[in-house]
Each structure stands twice: as C-alpha cells, then as structure tokens.
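Architecture and fold: a report
Each chain is listed here by its residues.
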Amino acid sequence: MAEVADLVRMSRIGKRYGGVQACREVDFTLGAGEVHALLGENGAGKSTLMKILSGDVTEYDGQIEINGRNVSFAGPTDAQAAGIAMIHQELDLVPGLSVADNIFLGRELRTRWKTVDRRRMEREARTLLERSGVDLDPRRPVGELRVGEQQLVTIAKAISLDARVLIMDEPTSALTTSEVERLFVVIRELRRGGVGIVYISHRMEEIAQVADRATVLRNGQFVTSFDPRRLSTTEVVEAMVGRPVQTMFTTPDAAAGDELLRVDNLVLKPRRPRPGRRDPDGISLTVRSGEIVGLAGLLGAGRTELLETLYGVAPGGSRSGRIVLQGKEIQPRSPRHALSQGIGFVPEDRRTSGLVLFHSILANTVVSSLPSYGRLGVIARRMERAASVRMADRLRLKFGRLQDDVGTLSGGNQQKVVFGRMLLTEPRLLLLDEPTRGVDIGAKSEIYRLLGELAGQGIGVLLASSELPELVGVCDRVVVLRDGRDVASFSTADSSEGDLLAAAMGDRAEFEGRAVFEEVGGPQ
Amino acid sequence: MTNAQDKSATAPADADRQAEAVPPTAAGTTTAVSAAKAPTAVAESSGGVVATLFRFQSVFGLLAVFIAAIIFSPRRDGEILFLSADNLANVVRAVSEIGIIAVGMTFVILIGGIDLSVGAVLGLAAVGSAVLMVENDWGFLPSIVVVLAIGLVFGALQGMATAMIGIQSFIVTLAGLQIARGLARIWSDGQGVAIAYGNGPNEAPDSFAILGERTFGGLVPIPVLIFAVVAIAAIVFLRVSAFSRHLYAVGGNEKAARLSGVPVIRVKIAVFAICGLLASLAGIVHAVQLNQGSPNDGIGYELDAIAAVVIGGTSLAGGRGSVAGTVAGALLLGVLNNILALNNIDSNIQLLIKGLVIVAAAALQRLRPAS
C-alpha cells in the first residue's frame with residue numbers, strides 16, 4: 001500500500017439524481033503508484049464517483065484535492081489537463097477511423113506544414129500498442145476489431161495521455177485470458193512509474209491479482225476498505241450485497257419434460273460473408289421443456305449466431321438442417337415471427353439491442369406484448385400498467401416510477417426489464433445471450449432464481465454464456481460449440497468447468513485454469 | 001449514461017414531459033398534471049418550473065410571439081389589427097396547409113426519418129384535383145379519393161424503398177420529390193390548371209368549392225377545420241394506439257424495436273404512407289384555396305414543415321416529440337409571418353427573421369434540462 005501523500009483525495013462526495021442518492025458522503029483516496037479497486041453492485045455509485053473525478057459530472061457536494069490542491073472541474077477536458085484519464089465502459093471510439101486516428105483523435109500530430117502527420121501517428125501508435133502488449137495494425141479501422149481489441153485500443157489511448165490518474169471501468173470485460181495478463185503487466189509498469197490507478201471490476205480474482213487496496217460501495221455509501229489479497233470472495237460479496245449470499249446458483253430440479261426444441265444439423269450460409277462472425281456450420285441439439293441448456297464456447301465459436309438464427313435475425317442466405325419446435329418444423333423469419341411461435345430472446349447488449357434508454361420503463365416493458373392490452377389497436381392504459389407492475393414485482397425490479405426513463409436504472413435492473421418484456425409474451429422457449437454480463441451479483445442471483453422458476457413452469461431455456469461457473473451452476477446440460485459446430489455435450493451433474501473449457505478449446509490451446517474463459521476462437 | 005442521469009436530475013416534472021411527449025408512458029394527463037403541481041420531495045419547485053417551461057417550450061414560444069404580435073401590430077382607430085377576427089382566421093388558414101403536412105412530417109421524424117417529397121406531392125395532388133375535376137369532369141368524391149390514394153401510395157412506395165431496400169429516407173424522398181414534381185408537370189402539361197365552378201363541362205363541382213369557404217357563422221375557414229381535425233386525430237392516435245408505441249420504439253432504437261418483435265418495416269411503410277396521404281390532403285386544400293392546380297405548387301413547403309416540427313420540439317434523431325408541439329410550431333411560424341406582413345416588413349428580412357427563430361428554437365431545446 002502506498003503511504004505517500006495522496007494523489008487524489010475526494011472528501012464527503014455527494015450526488016443525487018432526482019430521487020436517487022447516487023453518492024452519499026463518500027471519501028476516496030488514491031496514492032501515487034497505487035492500484036485502488038472499487039467494488040460494488042451496479043448502481044452502488046462507483047461510476048458516479050468516478051465520473052465526478054473525471055469531470056463528466058460537474059455538480060456534486062464535497063471536495064476534490066489533487067496533490068493537495070483543491071480542484072473543481074468544469075468538464076472532462078479540465079480533468080484531463082489535471083492528468084486524469086478515464087477509460088469508459090462504453091467504448092468511445094469512432095468505428096470508421098483507424099486505430100492510430102482514434103488514439104490521436106483531437107490531438108493529431110502535425111507535420112511542419114500543419115497537415116496531419118499520418119506516418120508519425122502510425123509509428124507512435126504502433127509503439128504504444130506494443131508497450132501495451134497488443135499485436136494490432138494501427139492502420140486497421142476500429143470498426144473491424146473485436147470488442148476486446150477495441151477495449152485494448154481505448155486502454156492504449158488512455159495510456160498515451162500520460163495521465164497521472166487512470167480510471168479503468170471494467171477494462172477486461174471482453175478481453176481474453178492472455179490479453180488480461182498483458183494488461184496486468186502494463187498496469188504494474190504504470191504503477192512503478194507512479195501512476196495512480198482506479199480499477200473498477202466485478203471480477204474478484206483480477207482484483208486479488210492486481211490491486212493494492214479495495215473499497216466497497218453500497219447504495220452510494222462507503223462500506224469498507226480492505227487488502228484484496230486477504231479477504232475471501234464470499235466476504236467481499238457479502239460486503240457488496242449487504243447480506244449473506246446463500247446460494248449464488250440455483251440448481252433447478254432436472255424434471256425436464258418432453259422435447260421442446262430440436263435442432264438438426266443446422267447450417268447457415270449467408271449470401272454475403274460476414275467477417276468476424278461464425279454462422280452455424282452443422283449444429284444439432286435439443287432442449288426439453290423445463291430444461292436449462294447451456295451453450296458454451298470460446299468467443300467466435302458461434303453461440304450468438306446460433307441464437308440469432310433460431311430467433312429469425314440471421315442474414316439472408318441458404319439454410320439447411322431442421323429447427324423443430326414442439327414437433328413442428330419452423331423457419332424463423334423475423335423476431336416477430338419467432339415470438340409468435342413462442343420463442344423469446346434476450347440479446348447480449350441491452351443498451352444497443354435491448355432498450356430505448358430514453359423511453360419509460362413501462363414502454364420498454366410492454367413493447368413486445370402490446371396487442372394484448374386493449375382492443376382494435378387501442379391501448380388500455382390500465383391493463384398495460386397492471387401487466388408492467390406485475391412483471392416489476394415478479395422480477396423485484398428496483399425503480400422509482402414506471403414512467404421514469406429506463407436509462408436511469410442500474411444495469412441489472414435494465415436487464416430485468418428486457419427479461420420482463422420477453423416473459424410478457426409468454427414464451428415456451430427462451431434464448432439468452434450472456435444474460436448476466438455487466439450485471440451485479442445481487443441482480444445476477446435474482447436472474448438465476450428467475451430461470452429456475454421459469455424452468456419449473458416448463459419453459460425451456462437455451463443460455464449462452466462465457467462464465468463457466470454460471471454454466472455449470474445454472475444449467476442442467478451444457479452443449480459446447482466450436483467453430484460453428486457442436487463438439488460436446490455434458491450433464492452438469494458430472495462434469496466440471498475444466499471439462500467444458502477443454503472441450504471448448506479443443507486441442508488448439510492449453511487450459512489456463514481461469515474461471516472466465518474468453519479466448520479468441522477465430523483463425524489467426 | 002451521463003445523459004440518462006442528467007435526465008433524472010429533474011425527475012418528476014421531466015418524467016411528465018415524457019408522459020406528454022412519449023405516449024408509451026403510463027401516466028395519463030391527470031397523473032402527470034397532479035404530479036407536476038405537487039412539489040414532491042424530489043424536485044425543488046424552481047427546477048419544476050424550469051422543467052415545465054421547457055416542456056411547453058413551443059407553446060410558450062407561440063405565446064411570446066403572439067404577445068409580440070399584439071404589441072407590434074398596426075392599429076386603426078385604436079383597433080389592434082392583428083387581433084381582428086378576420087386576421088386571426090387568416091393566420092390559421094395560412095398555416096393550415098403547412099400544418100397538415102407538418103403533422104405527417106412529425107410521424108416521419110419520430111421514426112428517425114425525413115420526408116423531402118411532401119411539397120412536390122402537394123403540387124401533384126393540387127394538379128390532380130384540378131385536372132380530374134376540370135379537364136376530366138370527374139365528380140367531387142371520386143377525384144378526392146383518387147388524389148388521396150395517389151398520395152398514400154406514393155408515400156408507401158417511398159416507405160418501402162427506405163424500409164426494405166434500406167436506402168436512407170433523405171435520399172429516397174429527395175428522389176421522390178423529383179418524381180412527384182415530374183409527374184405533376186406531365187399531368188398538367190406544365191401549365192397551371194385554373195378551377196372554375198359550376199355544372200358545365202370543364203367546371204369543377206360546387207361541392208368542391210365548399211372546402212374553401214367558412215363555417216360556424218363565417219368565422220372558421222374550412223381549411224382550418226380540416227387542419228384541426230387532422231391534428232386532433234393525430235394527437236389522439238399517438239396517445240392511444242398500439243401502433244404509436246411501435247412508432248416511438250422504432251425511432252428510439254430501431255434494433256431493439258426489431259428484436260422486441262416490432263414490425264419495423266410495416267411501421268415505416270405505414271408512416272411514410274400517412275405522410276404522403278396528408279401531403280395530398282394539403283394539396284387538395286391548396287387547390288381549392290387558390291382555385292387552381294399548378295405543378296409548381298408547394299415548392300419549399302417541406303422545409304417549412306420541417307421547421308414547424310423542429311420548433312415544436314420533436315427530435316430529428318427520432319423517438320421523442322409530439323404533434324401538439326408541431327401544431328404550436330406551425331402556428332408560431334404563421335403568427336410571425338402575419339405580423340411581419342402586417343407591418344410591411346421586406347420579404348427578405350422576413351426570411352432572415354424566420355431563420356433566426358428556427359435557430360433560437362433549436363438552441364433552446366439544447367438547453368432544456370433533459371435532452
């Protein structure tokens with residue numbers, strides 16, 4: 001722990017958004033050369049606190065000192081000038097520009113003639129990427145990169161700012177194991193150079209590896225600070241949630257019924273090739289009603305693409321093989337069609353594909369089941385309200401009022417809204433793509449509870465996930481995909497996370513023993 | 001995220017604004033009003049006032065321009081000319097065509113699109129009405145029905161091009177503008193077709209002329225009545241219909257809407273069809289008011305309609321806005337035109353002032369606590 005003078009000292013920080021107290025008298029310090037982890041459920045106030053520090057939020061109570069000097073930022077530019085850089089969870093890159101252009105966006109290097117010095121930018125970008133341990137061509141457009149690679153570019157960009165304080169908000173959420181290792185090397189190097197780093201993450205094992213100190217926030221308040229190498233995961237989780245966590249994973253009774261879904265040798269050949277996508281190339285699997293089937297696989301194994309094909313959002317092209325739902329062969333043409341067949345889908349990215357963030361909770365909840373409230377295309381407000389309230393209760397949604405924007409909810413509660421929307425359509429089969437990504441532990445266990453409940457009602461669930469504990473803990477059976485094919489199927493009763501990982505990787509990579517596996521699956 | 005959070009800073013009053021602007025919210029008007037009045041623990045009352053001001057921004061804008069009009073109005077024998085019943089009726093009559101078009105334009109902009117063809121479709125409809133009734137001696141009803149159908153189909157085709165092929169609506173309707181204008185010129189041989197009324201050959205039926213007259217004791221011009229009916233129907237439709245929820249969802253996040261089972265393509269086609277239909281209705285009104293149908297009618301009307309929508313607070317990004325705002329925006333432009341004309345302000349200066357008002361309205365929307 002760095003006992004030098006504090007680089008950053010935030011005292012009694014308070015911030016309220018309408019009726020929600022996002023931060024209440026929070027004290028936070030960061031020393032030079034210290035890695036300070038910030039923990040807490042979604043909505044605990046971590047992001048708000050860091051947005052205040054990075055100048056994104058300018059109205060707040062309390063004081064900020066940098067190097068002992070009182071500061072007050074009018075905006076992010078001010079904060080950057082004071083040496084504070086933030087790597088946002090949402091990647092703020094311009095897809096059409098190259099890696100180098102993105103890194104130097106807004107402070108382009110110039111030649112003597114004041115024109116943009118592309119060559120020098122590319123050279124420096126390359127050095128920078130190498131320093132961060134990334135093997136990327138700086139001339140490639142960012143839009144072509146995987147999410148994980150994009151994340152690395154934002155990190156390289158932040159490093160290039162030569163910041164004294166670096167705020168990383170979930171920097172590893174899409175990185176592969178080896179990329180995470182390399183990132184940690186970079187972090188340690190920065191630390192030696194005296195940079196203070198705030199590290200926000202949900203992943204306990206990473207924090208134990210990289211952080212000097214950890215602080216837990218809950219409901220906008222400081223809860224505890226500790227040495228991350230000493231406290232156990234359970235203790236930390238309890239501090240975050242504020243109550244003992246009984247069973248994180250409900251293992252539903254495998255009282256599976258009749259066959260609900262049968263996929264026979266499904267192959268999709270899109271008319272136009274889709275770079276970076278892995279369309280089904282011979283997948284067979286079944287889901288029985290009341291059964292939760294996991295879809296495992298490395299990034300690029302084709303999990304999302306399979307779910308999308310089943311939900312009718314795959315691109316045009318030729319399809320072979322059969323999709324049979326309750327004994328009847330179907331050809332899902334569109335989400336609307338799939339929904340009418342009783343298939344629901346919760347997409348991976350709720351912000352871009354799930355919600356209209358600036359519309360109300362109510363509107364977002366009922367949008368898929370509208371015709372059922374009222375007659376002749378006229379909405380009976382009381383009915384839709386009742387349906388929405390019922391769903392909010394069932395999902396234990398934490399919200400102010402139904403007409404508040406859904407964007408004001410925490411990530412976990414936003415995800416519940418997407419769930420609720422699908423449940424209101426009364427699906428027989430639910431397709432879930434990473435349903436707990438970016439969701440805090442409390443909401444996570446509630447989602448698991450819900451899945452168990454749904455299975456109990458005879459709904460079949462197909463759950464794609466990158467988190468092995470989730471697959472093993474929640475699912476009855478796990479099907480492993482590799483390169484667009486199903487390569488193995490396990491009953492979770494008698495298989496371990498290691499088995500899944502080994503099957504997912506095949507013989508191409510060695511088992512690295514990491515709980516969360518996100519290796520690149522595509523050909524290099 | 002910052003956005004979303006900023007928004008919640010003025011939660012209750014702001015949510016009410018949403019309740020008005022975005023129908024998919026739960027609260028009906030009653031809840032919204034009572035919540036705005038009761039200073040709940042959440043918002044300081046000053047914040048509430050500001051939010052209310054912004055919520056009804058276009059209405060207050062209209063009020064401000066209206067008061068300015070009274071002040072600057074020329075007087076004769078102490079009478080304020082602007083406030084004379086005749087003048088007021090004229091103001092609304094003058095905006096009725098743009099207003100009808102702007103209602104359709106609001107729909108299109110709400111789904112994140114734009115329709116540049118409305119002025120040309122108005123021209124086509126005006127020509128169509130004149131040619132069918134005067135040159136082809138068609139009856140009133142069949143002519144109207146055919147002209148409206150032309151607008152509807154024209155709009156639907158544009159909707160298909162943008163929704164199914166995926167061409168941006170800006171491009172599609174830019175092409176549509178040329179096509180509609182070309183059709184109008186071909187149909188009329190490039191000439192304005194004058195409309196005379198009567199029962200003889202080459203005379204339009206008297207029943208058509210009624211559309212240009214006044215009702216309610218000669219107070220309300222029929223075009224104004226048509227505008228009012230269209231506006232109210234649209235407001236009610238956006239409030240109660242399931243379709244409108246889909247429309248707002250498509251404008252708010254098209255991908256999410258699609259994945260939620262919203263028939264995105266159908267919604268888009270329907271919206272462009274409605275817009276085309278209303279543009280042709282405006283064309284009929286135009287023909288009857290000018291007693292002619294000319295292929296050059298309605299040039300530039302699309303821009304006035306867009307201006308009315310923007311002043312009314314509808315977001316060009318889609319998913320947020322209201323027809324009530326558009327009506328206020330159209331009336332604001334009408335009052336402004338009228339008072340400038342009453343004072344014999346040079347028409348070039350008029351343009352300049354209108355431009356500044358549009359910029360001011362857009363700037364005010366940027367300032368609003370939650371946009």
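Not measured: the values here are computed from a predicted model.

1. Quick look at the overall build of chain A
- For chain A, the count of helices and strands is 17 helices and 22 strands.
- With 524 residues in all, chain A has 51% of them scored as buried.
- Long-range contacts, defined as pairs at least 24 residues apart, comprise 71% of the intrachain contacts of chain A with a sequence gap of at least 6.

2. A word on unusual backbone geometry
Residue and element names in this part refer to chain A.
- Even without glycine at this site, glutamate 25 takes up a positive phi of about 45 degrees.
- When you line up the elements, glutamate 25 lands in strand 2 (residues 20-31).
- Residue classification places glutamate 25 among the partly exposed residues on the basis of 14 C-beta atoms within 10 Å.
- At glutamate 434, a position not held by glycine, the phi torsion is positive, near 45 degrees.
- Mapped onto the secondary structure, glutamate 434 falls in the loop between strand 19 (429-433) and helix 15 (441-456).

3. Notes on the sheet that holds strand 21 (residues 477-482) of chain A
Residue and element names in this part refer to chain A.
- The sheet built from six strands is open, its strands ordered 16-19-20-13-21-22 with mixed pairing. Each edge of the open sheet is held by one strand with a lone partner, namely strand 16 (343-346) and strand 22 (485-491). Ignoring strand direction, the axes of neighbouring strands in this sheet form an average angle of 20 degrees.
- Running over the sheet, helix 9 (residues 303-311) touches strand 13 (292-296), strand 16, strand 19, strand 20 (460-464) and strand 21 and is turned about 145 degrees from strand 19.
- Packing of helix 14 (residues 411-423) onto the sheet brings it into contact with strand 16 and strand 19, and relative to strand 16 it is tilted by some 170 degrees.

4. Focus: the confidence of the model for chain A
Residue and element names in this part refer to chain A.
- With 89% of its residues at a pLDDT of 70 or more, chain A shows a mean pLDDT of 83.
- The spread of mean pLDDT over the elements of chain A runs between helix 8 (residues 233-241), the lowest at 71, and strand 16, the highest at 96.
- In this model, residues 507-524 is a region of pLDDT below 50 whose contacts with residues beyond four sequence positions or in other chains number 43 contacts.

5. Section: the environment of lysine 255 of chain B
- For lysine 255 of chain B, the location among the structural elements is in helix 13 (residues 254-259).
- Discounting chain neighbours no more than four positions away, the residues touching lysine 255 of chain B are Thr352 and Ser353 of chain A.

6. Side note on the packing of helix 7 (residues 118-135) of chain B against helix 9 (residues 169-187) of chain B
All names here are of chain B.
- Remark: helix 7 packs on helix 9, axes separated minimally by 8 Å, with the N-to-C direction vectors making an angle of 20 degrees. In terms of orientation, helix 7 lies roughly parallel with respect to helix 9. Once helix 7 is placed against helix 9, the crossing between them reads as left-handed. Along the contact surface, helix 7 presents Ala120, Val121, Gly123, Leu124, Val127, Gly128 and Val131, while helix 9 presents Leu177, Ala180, Arg181, Leu183, Ala184 and Trp187.
- Of the residues assigned to the contact of helix 7 with helix 9, the class counts are 10 nonpolar, two polar and one charged.

7. Structural notes on the pairing of strand 20 of chain A
Residues and elements named next belong to chain A.
- Within strand 20, five of the five residues are buried, leaving the element largely enclosed by the surrounding structure.
- Neither face of strand 20 is open: one carries Gly460, Leu462 and Ala464, the other Val461 and Leu463, and all of them are buried.
- Sheet topology places strand 13 next to strand 20; four bridges connect them, and they run parallel. The residue of strand 20 that forms the bridge with valine 293 is leucine 462.
- Looking at chain direction, strand 19 and strand 20 are connected through five bridges and run parallel. Directly across from leucine 431, in strand 20, lies its bridge partner leucine 462.
- Note on the crossover from strand 19 through helix 15 to strand 20: the handedness is right-handed.

8. Some thoughts on the nonpolar core
- Residues Ile101 and Leu278 of chain B are the most contacted members of the largest nonpolar core, which totals 179 residues.
- It is helix 14 (residues 264-290) of chain B that provides the largest number of residues to this core, a total of 18 residues.
- Ignoring any residue separated from it by four or fewer positions in sequence, one finds isoleucine 101 of chain B in contact with Val118, Leu122, Leu278, Ala279, Ala282, Tyr301 and Ala305 of chain B.
- Residues Val8, Ile52, Ala214 and Met240 of chain A belong to the second largest nonpolar core, which totals 71 residues.

Cut-offs and rules
Residues numbered from 1 in each chain as written. Chains lettered and ligands numbered in written order. Predicted model: local features only at pLDDT ≥ 70, side-chain atom pairs only at ≥ 80, totals over all residues. Helix = DSSP H or I, 4+ residues; strand = E, 2+ residues; numbered from the N terminus. Buried ≥ 20, exposed ≤ 12 C-beta atoms within 10 Å, placed from the backbone. Contact = placed C-beta atoms within 7 Å. Pairing = 2+ DSSP bridges. Axes fitted to C-alpha atoms, helices over the stretch in contact; angles between N-to-C directions. pLDDT = per-residue confidence, 0-100. Parallel < 35°, antiparallel > 145°, perpendicular 65-115°, else oblique. Left-handed = near helix turned anticlockwise from the far one by under 90°. Nonpolar A, V, L, I, M, F, W, Y, C, P; charged D, E, K, R; others polar. Right-handed = clockwise from strand over helix to strand, strands pointing away. Core = buried A, V, L, I, M, F, W, Y, C linked by C-beta atoms within 7 Å.

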